[in-house]
Amino acid sequence: MTSALTDRTFAAVLFDNDGTLIDSTEAVRRSWDTWAIEHDVDPFSLTGFHGVPAAAIVAAVLPDGDQECALARIVAIEESDTEGVVALPGAAEALAALGSSAAIATSATKDLAESRLRAAGIGIPEVMVSADDITHGKPDPEPYLLAAARLGVDAAQCLVVEDAPSGLASGRAAGCATLAVVSTHQEQDLSADLIVPDLSHVEFVAGAKGVRLRLK
C-alpha cells in the first residue's frame, strides 16, 4: 500500500490525544454521564461532540445555565477519573520515534491531557497545546497553527494525526496534511489524505531533513 504522504518530508507531526494516542472512551463517557445527571441534561444531547472542547459542549447543551461553574465541574470530574485509560496501538512508539518533531494539540485542558497520558504510560512531548492555550477550538485551525508555531515550523509543512472530523477539519484549515485513525468514527465519516486503522500501521522516521512516513 502506498500513499502520497509517503512521498513527502514533514517538518513535524502534530497529534490529537483522545482517540488518537490514547483510548479514554469509557472515562469520558462516565464523566459526561455524571455531569449530565447533575445538570439535568439529556445524555443523548452529548452525542457527536467528540474532539470538541468542553467549553463549547457546555455552551451548546446548557445555553441558559451557569456555564462557568458547569465547565469547572466537568473538568473536575474528568481529571479525577482516568480508570481504564490506555495507549492506542503504535502511539507510544510514534512519539518516541519523533522526539522533538512531535507535538500534541488537544481539546482537553493541560492537566487533564497530562493525567491521561501518564495513566496510559505515554511520555508527554515538550510542546502541547491544550484548551487552556486557545480562544477557538477545533474545527478552528488555531490549535494546530499554535502547535506548529511553538515548534518553530510552518504548519503547511506538518502532518496532523486525528481521529475525529472536527480535528481533521482543524488540521486542513491550518494547511496541514492529514492522517486519520479509525478509532472513534467510521472510516466513511473521516476525510483525510490517508486513513489507517491505528498508528501501528505506520512508521515515522525522523532525520536531519525532516520526518518521513512509512506504511507497514
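Residues numbered from 1 in each chain as written. Predicted model: local features only at pLDDT ≥ 70, side-chain atom pairs only at ≥ 80, totals over all residues. Heavy atoms only, no water.

Trainee: Hey, could you run me through unusual backbone geometry in this one?
Mentor: In terms of backbone geometry, most residues other than glycine have negative phi values and most peptide bonds are trans. At the junction of Lys138 and Pro139, the peptide bond is cis and its omega measures out at 15° in the coordinates. For Pro139, the location among the structural elements is in the loop between strand S5 (128–129) and helix H6 (142–151). The phi dihedral of Asp40 falls on the positive side, at around 55°, and the residue is not glycine. Relative to the assigned elements, Asp40 resides in the loop between helix H1 (25–38) and helix H2 (54–61). (Helix = DSSP H or I, 4+ residues; strand = E, 2+ residues; numbered from the N terminus.)

Trainee: Explain the pairing of strand S4 (residues 102–105) here, please?
Mentor: The two faces of the sheet receive side chains in turn, since in a regular strand these alternate between them. Residues Ala102 and Ile104 line one face of S4 and the alternating positions Ala103 and Ala105 line the opposite face, and both faces are buried. Sheet topology places strand S1 (residues 12–15) next to S4; 3 bridges connect them, and they run parallel. Residue pairing for S4: Val13 is matched across the bridge by Ala102. Examined bridge by bridge, S4 and S5 share 2 bridges and lie parallel to one another. (Buried < 20%, exposed > 50% of the residue type's maximum accessible area, 1.4 Å probe, protein only. Pairing = 2+ DSSP bridges.)

Trainee: Please clarify how the sheet that holds S4 should be interpreted in this entry.
Mentor: Reading across from one edge, S5-S4-S1-S6-S7-S8 is the order of the 6 strands in this open sheet, with parallel pairing throughout. The open sheet has two edge strands with one neighbour each: S5 and strand S8 (194–196). In this structure, strand S6 (residues 158–162) lies alongside strand S7 (residues 177–181), joined through 4 bridges in parallel fashion. Its bridge partner lying in S7, Val160 is registered against Thr178. Contacting S1 and S4, helix H4 (residues 91–98) runs over the sheet at an angle of about 145° to S1. (Contact = heavy atoms within 4.5 Å. Axes fitted to C-alpha atoms, helices over the stretch in contact; angles between N-to-C directions.)

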